[in-house]
Amino acid sequence: MRLQGQLRFWIGALVVLVLVTWVLRAILLPFVMGTAIAYFLNPLVQRLNRIGIGRIPATLVLVGLLLLVVFLLLLVVMPLFISQLFDFIQKMPSYVSRLQGLLTEENRDWADQFFGARLPEIQRSLSEIMSQGVTYLLGLLTSIWSGGQALLSLFALMVVTPVVVFYVLCDWNSMVETVDSWIPVHQRPVVRRLGREMDLAVAGFVRGQALVCLLLGSYYAIALGMAGLNFGFLIGIVSGLITFIPYVGSLTGLVLAMGVAIVQFFPDWTMIGTIFGIFILGQTIEGYVLSPKLVGDSIGVHPVWLMFALFAFGYVFGFVGLLLAVPLTAAVGVLVRFGFRQYFHSTLYTGADLPKDEPVGGPR
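Residues numbered from 1 in each chain as written. Predicted model: local features only at pLDDT ≥ 70, side-chain atom pairs only at ≥ 80, totals over all residues. Heavy atoms only, no water.

1. Notes on the overall build of the chain
Stage number 1. In terms of regular secondary structure, the chain is built from 14 helices and zero strands.
Stage number 2. Listing each helix as α and each strand as β along the chain from the N terminus yields α-α-α-α-α-α-α-α-α-α-α-α-α-α.
Stage number 3. A buried classification covers 30% of the 364 residues belonging to the chain.
Stage number 4. Within the chain, contacts between residues at least 6 apart in sequence are counted, and of these 72% link residues at least 24 apart.
Stage number 5. Summing over all exposed atoms, the chain offers an accessible surface of approximately 22,800 Å²; the carbon and sulfur share of this is 72%. (Helix = DSSP H or I, 4+ residues; strand = E, 2+ residues; numbered from the N terminus. Buried < 20%, exposed > 50% of the residue type's maximum accessible area, 1.4 Å probe, protein only. Contact = heavy atoms within 4.5 Å. Areas by Shrake-Rupley, 256 points an atom, 1.4 Å probe, with all protein chains shown as cover.)

2. Considerations on the environment of Phe40
Stage number 1. Relative to the elements of secondary structure, Phe40 occurs in helix H2 (residues 29–50).
Stage number 2. Residue classification places Phe40 among the partly exposed positions, given a relative accessible area of 33%.
Stage number 3. When the C-alpha positions of Phe40 and Val206 are compared, they lie 7.9 Å apart, and in sequence the two are 166 residues distant.
Stage number 4. When neighbours within four sequence positions are excluded, Phe40 is seen to be in contact with Val206, Arg207 and Ala210.

3. Describing the nonpolar core
Buried together is how nonpolar side chains tend to be arranged in soluble globular proteins.
Stage number 1. Core analysis: the biggest nonpolar cluster contains 29 residues, and Leu224, Leu229, Ile235, Ile275 and Ile278 have the highest contact counts within it.
Stage number 2. For this core, the secondary-structure elements that each account for two or more residues are helix H3 (55–104), helix H8 (188–226), helix H9 (232–241), helix H10 (248–265) and helix H11 (269–295).
Stage number 3. Leu229 has contacts with Leu224, Ile235, Ala257, Val260, Ala261, Gln264, Phe265 and Ile275, leaving out every residue within four places of it along the chain.
Stage number 4. Ala58, Val63, Leu169 and Ala330 belong to the second largest nonpolar core, which has 16 residues in total. (Core = buried A, V, L, I, M, F, W, Y, C linked by side-chain atoms within 4.5 Å.)

4. Looking at the packing of H2 against H8
Stage number 1. It is at 11 Å that the axes of H2 and H8 come closest, and there the two elements cross at 95°. Relative to H8, the element H2 is oriented roughly perpendicular. The residues of H8 that touch H2, namely those facing Tyr39, Phe40 and Pro43, are Asp199, Val202, Ala203, Val206, Arg207 and Ala210.
Stage number 2. When its residues are assigned to classes, the contact of H2 with H8 shows seven nonpolar, no polar and two charged. (Axes fitted to C-alpha atoms, helices over the stretch in contact; angles between N-to-C directions. Parallel < 35°, antiparallel > 145°, perpendicular 65-115°, else oblique. Nonpolar A, V, L, I, M, F, W, Y, C, P; charged D, E, K, R; others polar.)

5. Re the packing of aromatic side chains
Stage number 1. Applying the stated rule across the entire model yields six aromatic pairs.
Stage number 2. Here the aromatic rings of Phe166 and Tyr167 are separated by 5.4 Å at their centres, their planes lie at 80°, and the arrangement is edge-to-face.
Stage number 3. Ring centres of Phe340 and Phe344 lie 6.0 Å apart, and the angle between their planes is 35°; this geometry places the pair in the tilted category. Here Phe344 and Phe340 lie together in helix H13 (residues 319–344), a separation of four residues that amounts to about one turn.
Stage number 4. In textbook terms, an aromatic cluster arises when at least three aromatic residues are bridged by ring pairs, as seen for Tyr219, Tyr220 and Phe279. (Phe/Tyr/Trp six-rings, centres within 6.5 Å; stacked < 30°, edge-to-face > 60°.)

6. Digging into the pattern of salt bridges
Stage number 1. The final tally for this structure, using the stated rule, is three salt bridges.
Stage number 2. The closest approach of N and O atoms between Arg192 and Asp180, which form a salt bridge, is 2.7 Å. You can see Arg192 sitting in helix H8 and its partner Asp180 sitting in helix H7 (residues 172–182), a full 12 residues away along the chain.
Stage number 3. Among the ionic pairs, Glu197 bridges to Arg341, the shortest N-O distance being 3.9 Å. With Glu197 in helix H8 and Arg341 in helix H13, this residue pair connects regions lying 144 residues apart in the sequence.
Stage number 4. What makes Glu197 partly exposed here is its relative accessible area of 27%. (Salt bridge = Lys/Arg side-chain N within 4 Å of Asp/Glu carboxyl O.)

Take a look at the structure:
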């Protein structure tokens, strides 16, 4: 009965938390972002503490450096990014039309021989698919922009987030101690062990993947820009930023870059191959160097489940959901593995009537 009461309590608390998050999702972004940044910076504060710098001075130094980096990004990078983004959105229909023409009209004889009388139908289908893809992409950008209450969120991110980062970093230890005091005494060893596993999973993935995204985004932006690709800086930054979504980020960047490259450079296959080679090299570096060294298998969740969590949380909670998806998925993964370990050692799995020396699979 006590176990059932605890289950009802925690399930009820989870339901209330989800409802509150859903209701307040429009204003949670700066607080979630601030907490995530504080979690990311906390190890640096601890290192500064160990060399004799107090927690408050260390926090002030790190927050000041963070604001300086953000200011430089807004001053140097954001104008170029925004100008290319709006230019890309405006020119996307013409790019799609040109790409469709290259795939059909430029190769009409070959297409007639291969598809025959079905060519007009295939052209219409291809046109519809491209139009739907463009509509979906524009709708996604619009929903991300409007769903976050763009102006309010931008103001909140610039003003509220640094304040949240400062106070969370200053009070990090006391918050952890407070939460620890809420845990039932007889369950503290297990909960603390699970908490450490969650922290290792989340920290390993979030901090490692953030570095991977930063390095890949910089590489793609510089390499595509040097290759002379239109919107190369925009495509490179976007490809790097969405690398945290397994396979989707790299595939999206590759499709965008190759589409623009074909429209811009056709029939110069050398330049088209160069753009393709930039992405192949980037994926090789990520797959064999960056991800194994910086991320590894820290999260312990299959990429398909991670993609599902990102899309599901993003759909329900917007951009806040994208920020929460990875840590919550990692935490759930730890709990699921713990549940399976408990199940495999329970009488429900082994059988209550089996002798102690009897193998779990029964007599052979």
